[in-house]
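# Residue-level structural notes
One letter stands for each residue in the lines below.
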Amino acid sequence: APFLRLQAPLVWTTLVLTLHEDGRAEVDLPGASPFPRHWVYDEHGELVLKTGLTDYSGWMRQPSHASTPWGDEDSPAVVTAAETALERELSRVLMSGRPMIRKLAAGDVLARQGSAGDALYLLLDGVVTVEVDGEPLADVGPGAVLGERALLEGGRRTATLTAATAIRVAEAPADAVDVDALRQLSEGHHREDEGATVTPAAQAAP
């Protein structure tokens, strides 16, 4: 004595694959380590799911293997749908312009419906709830580009964006991307009409 033990934090991904009699297959991500982000691809190599929240400091402090599938319990994962190819392209353009990076706590409002809007948002980490007239319509995760409709439709926010978890978001001016790209993105979103949901995965058994 004194004794010293060094152990690196563990990384794991817990996947569930459900095979149906009719040939359908469903994949779920019920558990994962808090860091890094986990990406799930289908049989065609297309990104279909990913974790919506990373917690580096929490991961570094994890108590050995207790929160892993080989310990007492698996850490539940917040799972989000993959962003579109256009959003991935726009995200590269936005980040190349050195946008302002903001951090918001869970429950903070990023943008409020009806307010003036002259900025575009790229969600870097966490989950944002999209609401219209007080009704939640969709939850979106990292990689989502938000706020484009206000720039195309008169400068007023068409929805309220609230942090469902702690988030990091990049904020860029309206001229960061061309109008045609924004219009194409807006046509594909329609979050005010159809919700693209995020699934808080249930805690998995060890």
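Residues numbered from 1 in each chain as written. Predicted model: local features only at pLDDT ≥ 70, side-chain atom pairs only at ≥ 80, totals over all residues. Heavy atoms only, no water.

### Considerations on the overall build of the protein chain
Where we set the bar: Secondary structure elements follow DSSP: runs of H or I of four or more residues count as helices, runs of E of two or more count as strands, with numbering from the N terminus. Throughout, a residue-residue contact means that at least one pair of heavy atoms, one from each residue, lies within 4.5 Å. Only the protein chains shown count as cover for residues, with accessible areas throughout obtained via the Shrake-Rupley method and a probe of 1.4 Å.
Helices and strands together make up the secondary structure of the protein chain, namely 4 helices and 14 strands. Excluding contacts between residues fewer than 6 apart, the proportion of contacts in the protein chain whose partners are at least 24 apart in sequence is 71%. Accessible area for the protein chain stands at about 11,600 Å²; split by element, carbon and sulfur atoms hold 53% of it.

### Looking at the nonpolar core
Applied cut-off: Nonpolar cores were defined as sets of buried Ala, Val, Leu, Ile, Met, Phe, Trp, Tyr and Cys residues, with membership established by side-chain atoms within 4.5 Å. Burial status follows relative accessibility: with a 1.4 Å probe on protein chains alone, a residue under 20% of its type maximum counts as buried, one over 50% as exposed, and anything between as partly exposed.
Among the nonpolar cores identified, the biggest contains 17 residues, and Tyr 121, Val 128, Leu 146 and Leu 161 are the most heavily contacted of them. Per-element tally for this core: the top contributor is strand 9 (residues 128-132), with 3 residues. Residues within four places of Leu 161 in sequence aside, it is in contact with Asp 108, Val 109, Leu 110, Ala 111, Tyr 121, Val 128, Thr 129, Val 130 and Leu 146. Formed by 11 residues, the second largest nonpolar core is a distinct cluster that contains Leu 90, Leu 94, Leu 124 and Val 177.

### What to know about the sheet that holds strand 6 (residues 100-104)
How we decide: When DSSP finds two or more bridges between a pair of strands, those strands are recorded as paired. Interaxial angle, 0 to 180 degrees, is taken between N-to-C directions of lines fitted to C-alpha atoms, where a helix line uses only the stretch in contact.
On the basis of which strands lie adjacent, the open sheet formed by 4 strands has the order 6-13-8-11 and antiparallel pairing. A strand with exactly one partner marks an edge of an open sheet, and here the two such strands are strand 6 and strand 11 (145-146). In this sheet, strand 13 (residues 167-173) lies alongside strand 8 (residues 119-125) in antiparallel orientation, the contact comprising 6 bridges. From the neighbouring strand, Leu 122 faces strand 13, where its bridge partner is Ala 170. Each of strand 6, strand 8, strand 11 and strand 13 touches helix 2 (residues 85-96); the most contacted strand, strand 8, lies at about 105 degrees to it.

### Points about helix 2
So the rule is basically this: Expected span of a helix: the number of residues minus one, times 1.5 Å. Working definition: the arc comes from the directions between the helix axis and the C-beta atoms, pointing outward to the latter.
For helix 2, spanning 12 residues, the distance from its first C-alpha to its last is 17 Å, which sits close to the expected 16 Å at 1.5 Å a residue. Turning to helix 2, its buried residues number three or more, namely Glu 87, Leu 90, Ser 91 and Leu 94. End-on, the buried residues of helix 2 take up no more than an arc of 110 degrees, which puts them together on one face. Along helix 2, the residues that are exposed and aim more than 90 degrees away from the buried face are Ala 85, Arg 92 and Ser 96. The first or second residue beyond helix 2 is Arg 98, which carries a positive phi of 55 degrees.

### Points about the packing of aromatic side chains
The relation between two aromatic rings is expressed through the spacing of the ring centres and the mutual angle of the planes. Definition in use: Centres within 6.5 Å are what make two rings of Phe, Tyr or Trp a pair, Trp counting through its six-membered ring; a difference in plane orientation under 30 degrees is then read as stacked, over 60 as edge-to-face, and the rest as tilted.
Summed over the entire model, instances satisfying the criterion amount to 3 aromatic pairs. The interplanar angle of 75 degrees and the centroid separation of 5.0 Å between the aromatic rings of Phe 35 and Tyr 56 together place this pair among those described as edge-to-face. On the criterion of sequence distance, the pair formed by Phe 35 in the loop between strand 2 (25-32) and strand 3 (39-41) and Tyr 56 in helix 1 (residues 56-60) is long-range, its members being 21 residues apart. Phe 35 gets classed as partly exposed once you look at its relative accessible area, which sits at 27%.

### A few points about the sheet that holds strand 10 (residues 135-140)
With antiparallel pairing, the 4 strands of this open sheet are ordered in space as 7-12-9-10. Two strands lie at the open edges of the sheet, namely strand 7 (109-111) and strand 10, each paired on one side alone. Adjacent strand axes in the sheet meet at a mean angle of 30 degrees when their direction is disregarded. Both strand 9 and strand 12 (residues 160-163) contribute to a ladder of 4 bridges, which runs antiparallel.

### Focus on the pattern of salt bridges
Threshold: Salt bridges are defined by distance alone: a side-chain nitrogen of Lys or Arg within 4 Å of a carboxyl oxygen of Asp or Glu.
For the structure on display, the rule yields 4 salt bridges. Ionic pairing is found between Glu 26 and Arg 24, a salt bridge with its closest N-O pair at 3.4 Å. By relative accessible area, which is 40% here, Glu 26 ends up partly exposed. Here Asp 125 makes a salt bridge to Arg 37, at a shortest N to O gap of 2.7 Å. Residue Asp 125 is located in strand 8, and its partner Arg 37 is located in the loop between strand 2 and strand 3; the two are separated by 88 residues in the primary sequence. We note that Asp 125, like Arg 37, is buried.

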